[in-house]
Amino acid sequence: MAASSGRRPDSSSLAEVLDRILDKGVVIDVWARISVVGIELLTIEARVVVASVDTFLHYAEEIAKIEQATAEGDLEDLEELEVEQRPESSPKSASE
Amino acid sequence: MTNRYVYGIMNDDPVEFETDAVGGADRVYTVSHRRLNAVVSDIDTTDPEETDEDAQRHDDVLREIMDRDGGRAIVPMQFGMAFENDRALKNVLRGARPAFRRALNDIEGRVELGLKVVREEDAEVDDDAIEEAVAETLEPIAAQSVPNDLFSDRLVLNRSYLVDRDERERFDDAVAELEAEYDEDLMFRYTGPFAPYSFVDVKIGSQQ
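Going by an unreviewed UniProt entry, chain B carries the name Gas vesicle synthesis protein GvpLGvpF and comes from Natronolimnohabitans innermongolicus JCM 12255.

Looking up chain A in an unreviewed UniProt entry gives the name Gas vesicle protein A, with the organism given as Natronolimnohabitans innermongolicus JCM 12255. Under the UniProt heading Sequence similarities (unreviewed entry), the entry covering chain A gives this text: "Belongs to the gas vesicle GvpA family."

Following this line, the structure appears as structure tokens:
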């Protein structure tokens, strides 16, 4: 085997595809998929990539809002989450 | 077939092509709302059955998109995200727009790669030391990584990496280096590239 020839990843494994496709990726609640009338969307993002200090500050701001909104709630699981209700009322993010 | 099966969301130009699609359709196209394009095919249910064949087709469609124009970004859906109609789909594109935009931003120009490191049957190894060596070699090249289940006690490491397309060669070389170094004791199972399933943790629910 030649040294430093690199290594091509194997793309043919169905098991690896199933691991991901059945478990990961974007999930949309069935009600949001079948109806339009009277639906208010609730989006939860667990941010895996925090790109910059600005972005971080934006999340800190969002989290502060969540804390106010759920004064009695269990916040442990919310540390890395951003919850948006009616996205048009939340502050514009840097990427918009 | 009036329902829409969704593969993923992208913001580049719309696409349309013929292929074996999920649920028996033969055409993949896009449904758009303000420059966000959902990649879809027609289907006759909102609750598609999970089959190996359709899971493979879902993944194949995402790969086809990712290979276009030197590498497009697409936010992958979990299997089974079928919508009643275009209106319901556009409603979600509109309502979750910021989340889709941010997810697209995170994965632009990047692919997911998987690495499982398995101990050979009779080998005795120091798991912590190996984990550290792999991290030292691969983490500086990857944009991000997440751990996966260690479902066997012979599995020393199981991670997914988000890697810039431009760094792919370096990453491949680094994996080869590790493999050569631990040749006697460990097996390296290196897989992908996949759509970045593990790096788009977005859930969209509803309040009635």
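Just to check I follow, could you spell out the packing of helix H2 (residues 86-95) of chain B against helix H3 (residues 97-107) of chain B for this structure?
Describing two packed helices takes the angle between their axes plus the distance from one axis to the other. All names here are of chain B. As a packed pair, H2 and H3 sit with axes 5 Å apart at the nearest point and diverge in direction by 70°. Taken together, H2 and H3 sit at an angle that is classed as roughly perpendicular. Across from Val92, Leu93, Arg94 and Gly95 in H2, the residues of H3 making contact are Arg97, Pro98 and Phe100. Residue composition of the contact of H2 with H3, by class: four nonpolar, one polar and two charged.

I keep staring at the interface of chain B and chain A and nothing clicks. Help me out?
Note: interface size is frequently given as the accessible area lost on complex formation between the parts. Across the boundary between the two partners, chain B contributes 67 residues, which contact 51 residues of chain A. When the area that chain B buries against chain A is broken down by residue, the three leading residues are B:Gln78, B:Arg102 and B:Gln207, summing to 14%. Counting across the interface, chain B meets chain A through six salt bridges. Considering each element in turn, the side of chain B that touches chain A owes the most residues, eight residues, to H3(B). Split into classes, the residues belonging to the side of chain B that touches chain A amount to 28 nonpolar, 19 polar and 20 charged. Looking at chain direction, strand S2 (residues 40-46) of chain A and strand S11 (residues 202-207) of chain B are connected through six bridges and run antiparallel. If you follow A:Ile44 over to S11(B), its bridge partner there is B:Lys203.

Criteria and cut-off values
- Within any chain, residue numbers begin from 1 and follow the written order of that chain's sequence.
- To read the labels, note that chains go from A and ligands from 1, taken in the order they are written.
- Local features are withheld for residues below a pLDDT of 70 in this predicted model, meaning they are given only at 70 or higher, and side-chain atom pairs are given and counted only at 80 or more; totals for whole chains, interfaces and linings count all residues.
- Side-chain figures throughout are based on the complete set of non-hydrogen atoms in the structure, without hydrogens or water.
- UniProt positions are given in the numbering used here, feature names are shortened, and annotations may be inferred rather than shown by experiment.
- Between N-to-C directions, angles span 0 to 180 degrees; the directions come from axes that are lines fitted to C-alpha atoms, helices contributing only their stretch in contact.
- Helix and strand labels come from DSSP, where a helix needs a run of H or I of at least four residues and a strand needs a run of E of at least two; each type is numbered from the N terminus.
- Roughly parallel means an angle under 35 degrees; roughly antiparallel, over 145; roughly perpendicular, 65 to 115; everything else is oblique.
- Contact between two residues is taken to exist if any of their heavy atoms lie within 4.5 Å; hydrogens are not considered.
- When residue character is reported, Ala, Val, Leu, Ile, Met, Phe, Trp, Tyr, Cys and Pro are called nonpolar, Asp, Glu, Lys and Arg charged, and the others, Gly included, polar.
- Here the quantity called buried area is the accessible surface, traced with a 1.4 Å probe, that two parts lose on coming together, added over both.
- In the sections that follow, a salt bridge refers to a side-chain nitrogen of Lys or Arg positioned within 4 Å of a carboxyl oxygen of Asp or Glu.
- Any two strands are treated as partners once DSSP identifies two or more bridges connecting them.

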